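Residues per chain, in single letters:
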Amino acid sequence: MNKHALYHKSDSLYSFAFDRDTAELRLRTARGDVASVELIYGQKHAFCIRRKTAPMSKAYSDALYDYYTIRLKLDDKRLAYIFRMTAADGKAYYYSEDGATTEYDFPTAFYNFFQLAYVNSNDVMPRCEWLSGAVVYQIFVDRFFRAEKTGADGKLLEDNGYIDLKWGAKPTPKSFAGGNLRGIAQKLDRLCGLGVNTLYLTPIFTSRSNHKYDISDYYNVDAQFGGNEAFAELMEECKNKGVRVILDAVFNHCSEDLMQFRDVCKNGAASPYHDWFVINGDKPTKRPLNYEVFAECDYMPKWNTANPQVQEYLCGVGEYWIKKYGIDGWRLDVSDEVSHEFWRMFRTRVKALGADIALIGENWHDSRSYLRGDQFDSIMNYAFTKAMLDYFAHGTLTTEQLCDKLNELLMRNMTQVNYMMLNLLDCHDTHRFYTMCGKDERKLLNALAVELFMPGATMIYYGTEIPLEGGYDPDSRRCYDWGEHAFADKVKDLLKHKKLRALCEGEVKFSCENGLFIVERKASGQTATLFVNNTDEQLSARGVTVPRQCYRITVE
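Residues numbered from 1 in each chain as written. Predicted model: local features only at pLDDT ≥ 70, side-chain atom pairs only at ≥ 80, totals over all residues. Heavy atoms only, no water.

Caption draft 1: Up close: the overall build of the protein. When helices and strands are counted, the protein shows 13 helices and 27 strands. By the compact-globule yardstick of 24 Å for 556 residues, the protein fits well, its C-alpha radius of gyration being 26 Å. Once the C-alpha set of the protein is aligned to its principal axes, its extents read approximately 85 × 65 × 45 Å. As presented, the protein carries roughly 22700 Å² of accessible surface, and 48% of it is formed by carbon and sulfur atoms. Distance between charge centres in the protein, computed from 69 positive and 76 negative side chains, equals 2 Å. (Helix = DSSP H or I, 4+ residues; strand = E, 2+ residues; numbered from the N terminus. Rg over C-alpha atoms; globule rule 2.2 N^0.38 Å. Areas by Shrake-Rupley, 256 points an atom, 1.4 Å probe, with all protein chains shown as cover. Lys, Arg positive; Asp, Glu negative; His and termini not counted. Charge placed at Lys NZ, Arg CZ, Asp CG, Glu CD.)

Caption draft 2: Molecular detail of the pattern of salt bridges. Summed over the entire model, instances satisfying the criterion amount to 46 salt bridges. When the shortest N-O distance is used, the salt bridge between Glu158 and Arg182 registers 2.5 Å. One end of the pair, Glu158, is in the loop between strand E10 (135–139) and helix H1 (181–186); the other, Arg182, is in helix H1, and 24 residues separate them in sequence. Of the two residues examined, Glu158 and Arg182, each falls in the buried class. Taking the shortest distance from any N to any O, the salt bridge between Arg412 and Glu408 comes out at 3.1 Å. (Salt bridge = Lys/Arg side-chain N within 4 Å of Asp/Glu carboxyl O. Buried < 20%, exposed > 50% of the residue type's maximum accessible area, 1.4 Å probe, protein only.)

Caption draft 3: How the structure looks around the sheet that holds E10. Taken together, the eight strands give a closed barrel; going around it, the order is E10-E11-E14-E17-E18-E19-E20-E21, and neighbouring strands pair in parallel fashion. Averaged over all adjacent pairs, the angle separating strand axes in this sheet is 25°, with direction ignored. (Pairing = 2+ DSSP bridges. Axes fitted to C-alpha atoms, helices over the stretch in contact; angles between N-to-C directions.)

Caption draft 4: Structural view of the environment of Thr545. Tracing the sequence through the fold places Thr545 in strand E26 (residues 544–546). Spatially, the C-alpha atom of Thr545 lies 18 Å from that of Leu494, the residues being 51 residues apart in sequence. Setting aside residues up to four positions removed in sequence, Thr545 forms contacts with Gln538, Leu539, Ser540 and Arg552. Side-chain polar atoms of Thr545 contact the side chain of Ser540, separated by 2.9 Å. (Contact = heavy atoms within 4.5 Å. Polar contact = N/O pair within 3.5 Å; in protein donor to acceptor, adjacent residues only side chain to side chain.)

Caption draft 5: Molecular detail of the packing of helix H11 (residues 441–453) against helix H12 (residues 487–495). Two elements in contact, H11 and H12, have axes whose closest approach is 10 Å; the angle formed by their N-to-C orientations is 20°. Our classification of the angle between H11 and H12 gives roughly parallel. The element H11 and its partner H12 pack so that their crossing is right-handed. Two secondary-structure elements touch here, H11 through Glu441, Leu444, Leu445, Leu448, Ala449 and Leu452 and H12 through Phe487, Lys490, Val491, Leu494 and Leu495. Grouping the constituent residues of the contact of H11 with H12 by class yields nine nonpolar, no polar and two charged. (Parallel < 35°, antiparallel > 145°, perpendicular 65-115°, else oblique. Left-handed = near helix turned anticlockwise from the far one by under 90°. Nonpolar A, V, L, I, M, F, W, Y, C, P; charged D, E, K, R; others polar.)

Caption draft 6: Quick look at the sheet that holds strand E22 (residues 507–513). The antiparallel open sheet is built from four strands, whose spatial order is E22-E23-E24-E27. For this open sheet the edge positions go to E22 and strand E27 (550–555), each flanked by a neighbour on one side alone. Ignoring strand direction, the axes of neighbouring strands in this sheet form an average angle of 15°. Across seven bridges, the pairing between E22 and strand E23 (residues 516–523) is antiparallel. Bridge pairing in E23 links Phe510 to Val519. Lying on the sheet, helix H8 (residues 399–410) is in contact with E22 and E23; it crosses E22 at an angle near 160°.

Caption draft 7: Representation of the side chain of Gln311 in the model. Assignment of secondary structure puts Gln311 in helix H5 (residues 308–325). Among all residues touching Gln311, those that are not within four sequence positions of it are Thr305, Ala306, Glu341, Phe342 and Met345.

Caption draft 8: Main features of the nonpolar core. If you look at the biggest cluster of nonpolar residues, it comprises 143 residues, and the most contacted ones within it are Tyr137, Leu181, Leu199 and Trp330. Excluding residues that lie within four positions of it along the chain, Leu181 makes contacts with Val141, Leu201, Ile204, Val221, Phe225, Ala230, Phe231 and Leu234. With 27 residues, the next largest nonpolar core counts Val34, Leu72, Tyr93 and Tyr95 among its residues. (Core = buried A, V, L, I, M, F, W, Y, C linked by side-chain atoms within 4.5 Å.)

Caption draft 9: Focus on the state of the cysteines. Overall, the coordinates contain zero disulfides when judged by the stated rule. With no disulfide partner, Cys403 has as its closest neighbouring cysteine sulfur the one in Cys512, 5.9 Å distant. Overall, the relative accessible area of 6% leaves Cys403 in the buried class. Cys437 supplies the cysteine sulfur nearest to Cys550, a cysteine that is in no disulfide, at a spacing of 14 Å. When its relative accessible area of 24% is taken as the criterion, Cys550 is described as partly exposed. (Disulfide = S-S within 2.5 Å.)

Caption draft 10: View of the side chain of Ser175. Residue position: Ser175 is located in the loop between E10 and H1. The class of Ser175 is buried, set by a relative accessible area of 4%. Each residue touching Ser175, except ones within four places of it in the same chain, is listed here: Asp142, Arg143, Asp164, Leu165 and Asn210.

Caption draft 11: Fine view of the packing of aromatic side chains. A full pass over the atoms with the stated rule returns 52 aromatic pairs. Considering the side-chain rings of Tyr104 and Phe106, the 4.9 Å spacing of their centres and the 75° angle between planes classify their relative orientation as edge-to-face. Note on accessibility: Tyr104 and Phe106 belong to one class, buried. Judged by centre distance (5.0 Å) and plane angle (55°), the ring pair of Phe342 and Trp343 falls under tilted. (Phe/Tyr/Trp six-rings, centres within 6.5 Å; stacked < 30°, edge-to-face > 60°.)

Caption draft 12: Broad picture of helix H4 (residues 259–267). Along H4, the residues that are buried comprise Gln260, Phe261 and Val264. Taken end-on, H4 shows its buried residues confined to a sector of 100°, consistent with a single buried face. Looking at the buried positions of H4, the neighbouring elements they touch are strand E16 (297–301) and H5. (Arc of directions from axis to C-beta.)

Caption draft 13: Geometry of the pairing of strand E3 (residues 34–43). Looking at chain direction, E3 and strand E6 (residues 79–87) are connected through nine bridges and run antiparallel. Within the sheet, the bridge partner assigned to Gln43 lies in E6 and is Leu79. Examined bridge by bridge, E3 and strand E4 (residues 52–61) share five bridges and lie antiparallel to one another. Looking at E4, one finds that Leu39 is bridged to Ala54.

It is worth stressing that arrangement in space is one thing and function is another; only the former is reported here.
Right under this line is the structure:
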């Protein structure tokens, strides 16, 4: 047995409370190294003399490991346990905090058994239930649609003099096309018809840029988008149609035009806001740059989120838009560069206003330290994005390797988190997936089908349904083409499956049969199965035939 590959740790991703009465346990072994695993468990204080056993299932495998899992109903909130493994060669081993041994001394087990010492209700990672059934439509507001507001005399009531990009022309980093919030409201019926039930808007607050990730006023919607009045109207329309709204929280950095930063530029260390930012000196200077910024953008100073005053200010912003307008969640920009302490405070404040208000981090990498129930509900699943690109666009993953990769991603997080992940193929920060696939609609549709079958929310970047092409930023932020597009009907036909119980609640299994990539979701007597053919030949499995570069869905 490969003892180096064995892994389990108490109170971790391998041992956690699924709910108040259920523990989920995982054991990692070398792939193909173990024939079976049995859990030996009992009440913590009686384990030495009284125990039960239960078989564990090999639920997931990746390139290196097998993962044995069990979801155990608890008779008592205090759990002690060890594992008994049978290796492929027939030898038996016990696995405890002392590692793998051929014998185990149960009378002294209190020294080295694994434990969930006590399942406290407020230590259970809660689920924001609606995310698992969400079809999220991300809109880069300036490029979606413009609705003009006119008075009784027909004259425009809002300035459009800032618009310098002809609709449909290729954007530049600083061009403005004029999309606004009233434009989104006008197109809401079309989005609902597509199957969308949630909007995610890139920043809408006062800013000098088209993307508005450099915010100068967190309490007012930019006039280019119609101001607070237009946002109130959009929220009312969304609530009437049962559409949720997620806004973009830019709490890592702000604009140099922000009042507090301008005060520091004027008054230096004498400013009451000097410590709101990270400045090496009395006054901010650009040459040389003596203050911390986002990336290398000297016009985006970084907030000092370790400062209690900054924490209070930004928490107040988060609360304001929930209390006044009833938004349903925040997408948290550059969230992995903001202090953990701040996010813990922010979660406490926001969740006090509603347990189902979603908090989704823009973390591009493994983020388990943020996803323990004290900070985010989930993150944008860019690791899934990369897997889809590698399989459909680059061809660097085989079907078997795709199964391994997706299983590995599931094992990065607690099960609750997997059911809240924001899955995506592309966004305003990436190349368009359609373009990366060589503008092959079949590959795009296949990838969307896989995304749909992943646990968690399904995110569609505006224009994917047309489909809109584009390279890297700013080319990924082109204007929406409002002509008729047959591909949209195919996307609509796919997204209707999101309402299936199995796709909202079901366990997931990835497999490869006869060259087909297969995803099964099972819940409450319903099984939905996706068959994806990413080859140029017709393939069949389980009585289902799939033409080349196509998918099929069965529901039983």
